[in-house]
Amino acid sequence: MDYKGFERGKITVFESFSGVGGTRLALNNIGCNVEIVGISETNFDSIIMYDSLHNDSDSSSDLSDEEMLEWIESRNIGKDVFSFYDDGKYGLKEFYEANIRCKNYGDIALINPNDLEDFDLMTYRFKPKFIPEMINGEFVHYSHELTGQVSGCSRIIASKKPKHLLFESDDGTVGAKYEKDFERWLNFLEGLGYKNYRKDFRYKEFDTPQNKKRTFVYSTLSDDEFEMPTGADTNLRLKDFLEKTVSRKFFLRKEFEMLSEDFEDYHCKPFVVAKMIEHNEYLNLSRVISRNGICTAIQSSFGGGKVPKVLVRKSTQMKGFSIDGMTVREITPLEAWRLSGYSDEDFKKLSKKIKQKTILYTNAGRSSNPKILEAIFKTFLKEEIEDEGKEINK
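Residues numbered from 1 in each chain as written. Predicted model: local features only at pLDDT ≥ 70, side-chain atom pairs only at ≥ 80, totals over all residues. Heavy atoms only, no water.

## Considering the overall build of the protein chain
Phase 1 of the analysis: Assigned secondary structure in the protein chain consists of 13 helices and 13 strands.
Phase 2 of the analysis: With 394 residues in all, the protein chain has 54% of them scored as buried.
Phase 3 of the analysis: Relative to all contacts within the protein chain whose residues are 6 or more apart in sequence, the contacts with residues 24 or more apart total 71%.
Phase 4 of the analysis: Accessible surface computed for the protein chain: about 18,700 Å², of which carbon and sulfur atoms make up 44%. (Helix = DSSP H or I, 4+ residues; strand = E, 2+ residues; numbered from the N terminus. Buried < 20%, exposed > 50% of the residue type's maximum accessible area, 1.4 Å probe, protein only. Contact = heavy atoms within 4.5 Å. Areas by Shrake-Rupley, 256 points an atom, 1.4 Å probe, with all protein chains shown as cover.)

## A look at the nonpolar core
Phase 1 of the analysis: Ranked by internal contacts, the top residues of the largest apolar core, which has 44 residues, are Met49, Ile331 and Trp337.
Phase 2 of the analysis: For this core, the secondary structure elements donating two or more residues are α2 (44-54), α3 (65-74), α5 (92-102), β12 (309-313), α9 (333-338), α10 (344-350) and α11 (357-366).
Phase 3 of the analysis: Looking at this core, the element that brings in the most residues is α2, giving five residues.
Phase 4 of the analysis: In this structure, Trp337 is in contact with Val20, Met49, Tyr342, Phe347, Leu350, Leu360, Asn363, Ala364 and Ser367, ignoring residues within four places of it in sequence.
Phase 5 of the analysis: Counting 28 residues, the second largest nonpolar core, distinct from the first, contains Ile11, Val13, Ala26 and Phe380. (Core = buried A, V, L, I, M, F, W, Y, C linked by side-chain atoms within 4.5 Å.)

## With respect to unusual backbone geometry
Phase 1 of the analysis: One non-glycine residue, Asp207, lies in the positive phi region at around 60°.
Phase 2 of the analysis: Within the fold, Asp207 resides in the loop between β7 (195-202) and β8 (213-220).

## Overview of the packing of α3 against α5
Phase 1 of the analysis: Put simply, α3 and α5 touch, their axes get as near as 10 Å, and they point 50° apart. Between α3 and α5, the angle falls in the class oblique. Here α3 runs over α5; the crossing is left-handed. Residues Asp65, Met68, Leu69, Trp71 and Ile72 of α3 pack against Leu92, Lys93, Phe95, Tyr96, Asn99 and Ile100 of α5.
Phase 2 of the analysis: Per-class residue counts for the contact of α3 with α5 are eight nonpolar, one polar and two charged. (Axes fitted to C-alpha atoms, helices over the stretch in contact; angles between N-to-C directions. Parallel < 35°, antiparallel > 145°, perpendicular 65-115°, else oblique. Left-handed = near helix turned anticlockwise from the far one by under 90°. Nonpolar A, V, L, I, M, F, W, Y, C, P; charged D, E, K, R; others polar.)

## Some details on the environment of Glu138
Phase 1 of the analysis: Of note, Glu138 is situated in strand β5 (residues 138-139).
Phase 2 of the analysis: When the C-alpha atoms of Glu138 and Ser151 are compared, they prove to be 7.5 Å apart, with 13 residues separating the residues in sequence.

## Details of the pairing of β12
Phase 1 of the analysis: Judged by how many residues are buried, β12 sits mostly within the fold: four of five residues are covered.
Phase 2 of the analysis: Bridge count for β12 against strand β13 (residues 326-330) is five bridges, and the pairing is antiparallel. Looking at the pairing, Val310 lines up with Arg329 of β13. (Pairing = 2+ DSSP bridges.)

## With respect to the sheet that holds strand β6 (residues 164-169)
Phase 1 of the analysis: Read from one edge to the other, the open sheet built from six strands follows the order β2-β1-β3-β6-β8-β7, with strand pairing classed as mixed. Only two strands of the sheet have a single neighbouring strand rather than two, namely β2 (34-40) and β7. This sheet shows a mean twist of 20° between the axes of neighbouring strands, independent of strand direction.
Phase 2 of the analysis: Taken together, the eight bridges between β7 and β8 define a ladder with antiparallel strand orientation. Bridge assignment links Lys199 to a residue of β8, and that residue is Phe216.
Phase 3 of the analysis: Contacts from helix α7 (residues 179-191) reach β3 (121-126), β6, β7 and β8 within the one sheet, and its direction differs from that of β7 by about 140°.

## Notes on the pattern of salt bridges
Phase 1 of the analysis: For the coordinates displayed, the defined rule picks out 15 salt bridges.
Phase 2 of the analysis: Residues participating in the shared-partner salt-bridge network are Glu179, Glu183 and Arg198. (Salt bridge = Lys/Arg side-chain N within 4 Å of Asp/Glu carboxyl O.)

## A few points about helix α12 (residues 370-380)
Phase 1 of the analysis: For α12, a buried count of eight out of eleven residues is recorded, marking the element as mostly surrounded by other parts of the structure.
Phase 2 of the analysis: Within α12, burial applies to Pro370, Ile372, Leu373, Glu374, Ala375, Ile376, Phe377 and Phe380.
Phase 3 of the analysis: You can read the cap of α12 off the contacts: a side-chain oxygen lies 2.9 Å from the backbone nitrogen of Lys371, and it is on Asn369. (Polar contact = N/O pair within 3.5 Å; in protein donor to acceptor, adjacent residues only side chain to side chain.)

## Quick notes on the environment of Phe130
Phase 1 of the analysis: Topologically, Phe130 is positioned in the loop between β3 and β4 (134-135).
Phase 2 of the analysis: On the basis of relative accessibility, which here comes to 18%, the residue Phe130 falls in the buried class.
Phase 3 of the analysis: In this structure the C-alpha to C-alpha distance between Phe130 and Val150, which are 20 residues apart in sequence, comes to 7.6 Å.

## Brief notes about the side chain of Asp107
Phase 1 of the analysis: Structurally, Asp107 is set in the loop between α5 and β3.
Phase 2 of the analysis: Within the structure, the side chain of Asp107 is placed 3.0 Å from the backbone nitrogen of Ala109, a separation counted as a polar contact.
Phase 3 of the analysis: Those residues in contact with Asp107, other than ones at most four positions away along the chain, are Ser40, Thr42, Arg75 and Asn76.

## Here's the deal with the environment of Lys382
Phase 1 of the analysis: If you trace the backbone, Lys382 turns up in helix α13 (residues 382-387).
Phase 2 of the analysis: For Lys382, a relative accessible area of 38% translates into the label partly exposed.
Phase 3 of the analysis: For the pair Lys382 and Ile30, spaced 352 residues apart in sequence, the C-alpha to C-alpha distance is 9.9 Å.

## Considerations on the packing of aromatic side chains
Phase 1 of the analysis: Tallied over the full model, the rule gives 20 aromatic pairs.
Phase 2 of the analysis: The side chain of Lys199 reaches across the aromatic face of Phe201, ending 5.5 Å from its centre. (Phe/Tyr/Trp six-rings, centres within 6.5 Å; stacked < 30°, edge-to-face > 60°. Lys NZ or Arg CZ within 6 Å of the ring centre and 35° of its normal.)

## A short note on the confidence of the model for the protein chain
Phase 1 of the analysis: Mean pLDDT over the protein chain stands at 85; residues scoring 70 or higher make up 85%.
Phase 2 of the analysis: In this model residues 389-394 is a low-confidence stretch, pLDDT under 50, and it forms eight contacts with partners more than four residues away in sequence or in other chains. (pLDDT = per-residue confidence, 0-100.)

## A few points about the side chain of Glu335
Phase 1 of the analysis: Topologically, Glu335 is positioned in helix α9.
Phase 2 of the analysis: Residue classification places Glu335 among the buried positions, given a relative accessible area of 0%.
Phase 3 of the analysis: In this structure the side chain of Glu335 is engaged in a polar contact, spanning 2.9 Å, whose partner is the side chain of Arg329.
Phase 4 of the analysis: Every residue in contact with Glu335, bar those within four places of it in the chain, is listed here: Phe241, Leu242, Glu243, Val246 and Arg329.

See below:
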């Protein structure tokens, strides 16, 4: 089989749409000797958080402000660089150096595959509804930026032909509505010689009790057969991930109503126990979950009551609405990251330079779940991990 050379005991990775680096974290967690040849990420906050999570050392640049801005803008990192720095969130030099430490190539639609070193594994994600038509064997890059994500991925894969590919759907699973479009992508990979293995994964079956599903596709140039791992509900529940002491600012103090046992909520039944009065018309915003239940999906955008809510006991000193000594609060950013597969130590690093709640929630919602990635990587990288002389945790 014609694929790039693979060095046993070591895995080289190109992390596209990297977010905070869930792929790198998962590989490190299972004992891989991993080398990141580059990442592709354009979100400011994700880049800063990736740097905080994975890089301990500092670096220094001698470039002028104009040269650093030109470098950032040439890679389409962010929409409005100038207003971003004007609001005082980060210094220009700090942000530029974080990109350099992360080996960030920026917008995948602009990357020349020849600028990348060869690598063994590429992780990538996009929304299947933006898979464009193919003309002369290539995906068309229309004016919509998200079609550029697909065409950028296809160019890099066709040029570099890494042994391993891992796709994760960007929002939910690949539904029937876009199945035909997704098949077009899978056929493209098969035309390059890849064998595709596809499966939908539930977070709650991988020690993260959150009501979220994602589609994964592992593609390989190897002739060996592969089987996606199977998870199981370990009966971990929201209560196992809640902080013992929580600031009062997370308590809503707003009216809610308890729900009867025959309440119909097909998404979360039987764990929805109450609903907020102000969001009565919007079921996904009004849900209040039992501590003994599965958390509603942590989303990649916040505001307007989207933070998951849990019913908890009210302290005697706290003011606000309650029913039978119970009140409602939002989950905290730390709890959101715990429910997304990250440790408290990971969160400490991730939040080192990012303090805004909305940004922490949003990135938890859009990040890959390391627990699921670990299970997949343990399966197809088993020999490489064992060659490194490290045991895989079963």
